[in-house]
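Spelled out from the first residue to the last, the chains are:
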Amino acid sequence: MKEYITKLKKDNDAIILAHYYVDKEVQDVADYIGDSFYLAKVAKETDAKKIIFAGVEFMGESAKILNPGKRVFMPDASADCPMAHMVTEKEIKEKREQYDDLAVVCYINSTADIKTLSDVCVTSANAVKIVKNLPNKNIFFIPDQNLGDYVRRQVPEKNVMTNDGFCPRHHIMTKEDVLAAKDRHPGAKVAVHPECKQEVREEADYIGSTSGIIKYVLDTDAEEFIIGTVDGVFPCIEEQAPNKKLFKVMEEQVCPNMKKVTLEKIVDVLENETNEVFLDDEFIKKALSPLEKMLELAK
Ligand code: 13P
Ligand code: SF4
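Calculation criteria
- In every chain, residue numbers begin from 1 and rise along the written sequence.
- As they are written, the chains are lettered A onward and the ligands numbered 1 onward, keeping that order.
- It should be noted that, the model being predicted, local features are given only for residues of pLDDT at least 70 and side-chain atom pairs only at 80 or more, the latter also being counted only at that level, while totals for whole chains, interfaces and linings use all residues.
- Derived side-chain values reflect all non-hydrogen atoms in the structure, with water molecules and hydrogen atoms excluded from consideration.
- To be near a molecule or strand, a residue needs just one of its heavy atoms within 4 Å of it.
- Nitrogen and oxygen atoms within 3.5 Å of one another constitute a polar contact, given that in protein one can donate a hydrogen and the other can accept it, and given that sequence-neighbouring residues count only through two side-chain atoms.
- Residue exposure ignores everything except the shown protein chains as possible cover, and the areas themselves are Shrake-Rupley values with a 1.4 Å probe.
- Pairing of aromatic side chains requires ring centres within 6.5 Å, counting the rings of Phe and Tyr and the six-membered ring of Trp. Pairs whose planes differ by under 30 degrees are stacked, by over 60 edge-to-face, and all others tilted.
- The helix count covers DSSP runs of H or I at least four residues long, the strand count covers runs of E at least two residues long, and both are numbered beginning at the N terminus.
- Buried residues are those whose accessible area, probed at 1.4 Å on protein chains only, stays under 20% of the maximum for their type, while exposed residues exceed 50% and partly exposed ones sit between those limits.
- Two residues qualify as a contact provided that any one of their heavy atoms is within 4.5 Å of a heavy atom in the partner residue.
- The term nonpolar core refers to a set of buried residues drawn from Ala, Val, Leu, Ile, Met, Phe, Trp, Tyr and Cys, joined through side-chain atoms within 4.5 Å.
- Any two strands with at least two DSSP-identified bridges between them are counted as paired.
- In this analysis an axis means a line fitted to C-alpha atoms, helices contributing only their contacting stretch, and an angle means the value between N-to-C directions, from 0 to 180 degrees.
- Geometric relationships in this document are graded by angle, where less than 35 degrees denotes roughly parallel, more than 145 denotes roughly antiparallel, 65 to 115 denotes roughly perpendicular, and other angles denote oblique.
- Charged residues are taken to be Asp, Glu, Lys and Arg, nonpolar residues to be Ala, Val, Leu, Ile, Met, Phe, Trp, Tyr, Cys and Pro, and polar residues to be all remaining types, Gly included.

### Topic: the site of ligand 1
1) Next: Around ligand 1, the neighbouring residues are H19, Y21, D35, S36, N109, S124, H170, H193, E195, S209 and T210.
2) Next: In the environment of ligand 1, an oxygen atom lies 2.8 Å from a nitrogen or oxygen atom belonging to the side chain of H193.
3) Next: Separating an oxygen atom of ligand 1 from a side-chain N or O atom of E195 is a distance of 2.8 Å.
4) Next: In the complex, the protein chains occlude 96% of the 300 Å² of accessible area that ligand 1 would expose alone.

Shown next, in the form of structure tokens:
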């Protein structure tokens, strides 16, 4: 299957981008594996004709918006991030009416519709830096209340307001889960994603994006780590540092939508050009501005 996909990629002038949360066998056929920020940059810069995005809908949409001349395909058209839909146009409008200098800061885990209404996009890898560097005092951070709260604490000089969106996978973890994991593995370092609640973050030695967590584990002189994010990051660490022992906060740490991406579905999009991402040109122009601003401000 792997060899066949390599041949199909070549025949189609296609590249596969895979988020760390997809299955290891899918990561193994990818040309680029990374966090949302890295993959957005790769999507913008690639010369390949086709991009196969092994991830969820907002990632494929962002790739198409950043590089509209390329054809973007999703192995599973139903793979979507529930948090992307957890903010409404009405909430944004109301906040804009309340504050003259408001910056709407939109986590990339959002629909393309919501991006068109936002001033700048961020990912978990650059949210703090970008909010810090915006001239605006009043910030409406959407749709993740937890990443928003993390940013608020890192940038206390700003008025960071959030709505009530969340990632079901990360939001479900509790302080008790982390304490129980620490009891099971005393001495282990704890690294969590900022999509976790504050009660979880405050128990962590490190808080960061998926690539940040991987780097932290690889660079830290310890043998055992408790990881508070989807366990798709494990294989990448295990390959580079087989001596490190990785443990989960909870028994199940999977993103069911990322799991929908399979090798069979990748073959299908490569053979049959199914599940192409189509967005209207005018719409692309509107959604491009906050994404380009992110790339600029994150430099
Ligand atoms: P990263 O930006 O850290 O890759 O996270 C994406 C995501 O969906 C986290 O749940
Ligand atoms: Fe969305 Fe959460 Fe899955 Fe990330 S882990 S894609 S935020 S549901």
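### Quick word on the packing of aromatic side chains
1) Next: For the structure on display, the rule yields two aromatic pairs.
2) Next: Taken together, a centroid distance of 4.7 Å and an interplanar angle of 10 degrees make the contact between Y206 and Y216 stacked. Residue Y206 is found in strand β10 (residues 206-207), and its partner Y216 is found in helix α12 (residues 210-219); the two are separated by ten residues along the sequence.
3) Next: On the basis of relative accessible area, Y206 is assigned to the partly exposed category, the value being 24%.
4) Next: For the ring pair Y216 and F225, a centre distance of 6.0 Å and an interplane angle of 85 degrees mean the geometry is edge-to-face.
5) Next: For F225, a relative accessible area of 0% gives the class buried.
6) Next: Ring-pair connections join several aromatic residues into one group, and the members of that group are Y206, Y216 and F225.

### Details of helix α3 (residues 36-45)
1) Next: Every buried residue belonging to α3 is among S36, F37, L39, A40, V42 and A43, and all of these are buried.
2) Next: Close packing links the buried residues of α3 with β1 (14-19), β2 (32-34), β3 (50-54), α4 (57-66) and α15 (281-297).

### Comments concerning unusual backbone geometry
Residues other than glycine predominantly adopt negative phi, and peptide bonds predominantly adopt the trans conformation.
1) Next: Here I142 and P143 are connected by a cis peptide whose omega angle stands at -15 degrees.
2) Next: Mapped onto the elements, P143 comes out in the loop between β7 (138-142) and α8 (145-154).
3) Next: Of note in the backbone geometry, E273 takes a positive phi value of approximately 55 degrees without being a glycine.
4) Next: Relative to the helices and strands, E273 is located in the loop between α14 (263-272) and α15.
5) Next: Even without being glycine, N275 reaches a positive phi, approximately 55 degrees.

### Things to note about the nonpolar core
1) Next: Core analysis: the largest hydrophobic core is formed by 98 residues, its most contacted members being V105, F141, I227 and M294.
2) Next: Once you skip the residues sitting within four places of it in the chain, I227 turns out to touch A191, I213, V217, V233, F234, L246, F247, K248, V249 and Q253.
3) Next: In terms of nonpolar packing, the next biggest core, distinct from the first, is built from twelve residues, A188, V192, A204 and F247 among them.

### Observations concerning the environment of E224
1) Next: For E224, the position within the fold is in strand β11 (residues 224-228).
2) Next: Between the alpha carbons of E224 and G187 there is a distance of 7.3 Å; along the sequence they are 37 residues apart.
3) Next: Not counting the four nearest positions on each side in its chain, E224 is found in contact with H185, P186, A188, K189, K245 and F247.

### Here we look at the environment of Y107
1) Next: Examined against the element boundaries, Y107 turns out to sit in strand β5 (residues 103-107).
2) Next: Note on Y107: relative accessible area 2%, which makes it buried.
3) Next: Taking the C-alpha atoms as reference points, Y107 and H85, 22 residues apart in sequence, are found 11 Å from one another.
4) Next: The contacts of Y107, once residues within four sequence positions are left out, are M83, V122, T123, S124, F141, I142, P143, D144, L147, H193 and E195.

### Regarding the pairing of β3
1) Next: Extensive coverage of β3 is indicated by the burial of five of its five residues.
2) Next: With burial as the criterion, each face of β3 is covered, one bearing K50, I52 and A54 and the other bearing I51 and F53.
3) Next: Note that β1 and β3 share five bridges and pair parallel. Within the sheet, the bridge partner assigned to I16 lies in β3 and is I52.
4) Next: Pairing of β3 with strand β4 (residues 71-73), which is carried by three bridges, proceeds in the parallel orientation. Each residue of the ladder has a partner; that of I51, found in β4, is V72.

### Things to note about the packing of α3 against α15
1) Next: Contact pair α3 / α15: the axes reach a minimum separation of 12 Å and the direction vectors enclose 110 degrees. In terms of orientation, α3 lies roughly perpendicular with respect to α15. On α15, the residues touching F37, K41 and K44 of α3 are E292, M294 and L295.
2) Next: Taken together, the residues that form the contact of α3 with α15 break down as three nonpolar, no polar and three charged.

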